[in-house]
Amino acid sequence: MYPLAPFQSTDRAKLHAVMRAFPLATLISAGAQWPVVTQVPLVLDDARGPHGVLLGHFDGNNPHGEALRADPRVYALFHGPNHYITPSIYPTEQYPGWNYVTVHVQALAHPLTDRDRVRDILFRLAELHEPKDSGYRLTSEQRNFERFLGMVFGFELEIVEMRAIFKLAQDKGTAQAELAAAHLARVTQADPLPLLTALLGPDST
């Protein structure tokens, strides 16, 4: 069995928790020659259907919209924390590993033509993620909002099946899995600013 049974989960509450904590998903659709891939933040509506519904939008120029119209089958990957795990954290001899959290979703896409429904997705996304103390609130009165709305491709993803891989050293026993989880939390808090600053610089070629 792969991945190992201790790493697999179909617990609806756990999967939904990861999807809310890490909403930027990798959306994958079949293309004419190659898969079409887009990173897109998704809003989970867990009150609809047996597994919930995901709400999202693209820029209207994104070719992924046409891919969803051509074939509604789509795969969404939610990526949680991941990092190399050094054997030095364990009290017993172990091999190096890589621990990670992912949720895999198979869904059927439903493009939206109702502007009010697309508007609602934009508002819900902003309300969920805008810092409470920022002083900003997205409204229909914002300049050129209706023009902006017309350039958005909104969609709903009807979740058909979902599963997770929580690779957190569960196969090594509870005590060592807790050590691995604590280490993963600590190392993923490294300051990303030097890398982000370098990425903003000019390309080398």
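Just so it is clear, the structure is predicted and the values come from calculations on it, not from any experiment.

(A) Summary view of the overall build of the protein chain. What the protein chain contains, in helices and strands, is 6 helices and 8 strands. When its helices and strands are written in sequence order, the protein chain yields β-α-β-β-β-β-α-β-β-α-α-β-α-α. In terms of its C-alpha atoms, the protein chain occupies a principal-axis envelope of roughly 60 × 40 × 40 Å. A burial count over the protein chain gives 36% of its 205 residues as buried. Of all intrachain contacts in the protein chain linking residues separated by at least 6 positions in sequence, the fraction that spans at least 24 positions is 73%. For the protein chain, the exposed surface amounts to about 12,800 Å²; the carbon and sulfur share of it is 57%. Computing the positive centroid from 18 side-chain charges and the negative centroid from 22, the protein chain places the two 1 Å apart.

(B) View of the packing of aromatic side chains. Using the criterion set out here, one finds 6 aromatic pairs in the structure. Ring plane angle 15 degrees and centroid distance 6.0 Å describe the contact between Phe58 and Phe153, whose orientation is recorded as stacked. Highlighted residues: Phe58 in strand E5 (residues 53-59) and Phe153 in strand E8 (residues 152-167), separated in sequence by 95 residues. Side by side, Phe58 and Phe153 carry an identical accessibility label, which is buried. A ring pair is formed by Phe153 and Phe155, whose centres lie 6.3 Å apart and whose planes are at 40 degrees; its orientation type is tilted. On the accessibility criterion, Phe153 (8% relative accessible area) is buried. These aromatic residues form a ring-pair network of at least three members: Phe58, Phe153 and Phe155.

(C) How the structure looks around the layout of surface pockets. One number sums up the size of the largest pocket: a volume of about 250 Å³. Considering the residues around the largest pocket, the lining is formed by Phe123, Ala126, Glu127, Glu130, Pro131, Lys132, Ser134, Gly135, Tyr136, Arg137, Leu138 and Thr139. Grouping the amino acids of the lining of the largest pocket by side-chain chemistry returns 5 nonpolar, 3 polar and 4 charged. Taken as a whole, the second largest pocket spans an internal volume of roughly 150 Å³. Together, Arg69, Pro111, Leu112, Thr113, Asp114, Arg115, Val118, Leu149, Gly150, Val152, Phe153 and Gly154 line the second largest pocket. Considering every element that reaches the lining of the second largest pocket, the biggest residue donor is E8, with 3 residues. Of the residues that constitute the lining of the second largest pocket, the class distribution is 6 nonpolar, 3 polar and 3 charged.

Cut-offs used in this document
- Residues numbered from 1 in each chain as written.
- Predicted model: local features only at pLDDT ≥ 70, side-chain atom pairs only at ≥ 80, totals over all residues.
- Heavy atoms only, no water.
- Helix = DSSP H or I, 4+ residues; strand = E, 2+ residues; numbered from the N terminus.
- Buried < 20%, exposed > 50% of the residue type's maximum accessible area, 1.4 Å probe, protein only.
- Contact = heavy atoms within 4.5 Å.
- Areas by Shrake-Rupley, 256 points an atom, 1.4 Å probe, with all protein chains shown as cover.
- Lys, Arg positive; Asp, Glu negative; His and termini not counted.
- Charge placed at Lys NZ, Arg CZ, Asp CG, Glu CD.
- Phe/Tyr/Trp six-rings, centres within 6.5 Å; stacked < 30°, edge-to-face > 60°.
- 1 Å grid on protein atoms, 1.4 Å probe; cavity = no way out; pocket = protein on both sides within 12 Å on 5 of 7 lines; lining within 4 Å.
- Points joined across faces, edges and corners; volume = space filled by probe spheres on them.
- Nonpolar A, V, L, I, M, F, W, Y, C, P; charged D, E, K, R; others polar.

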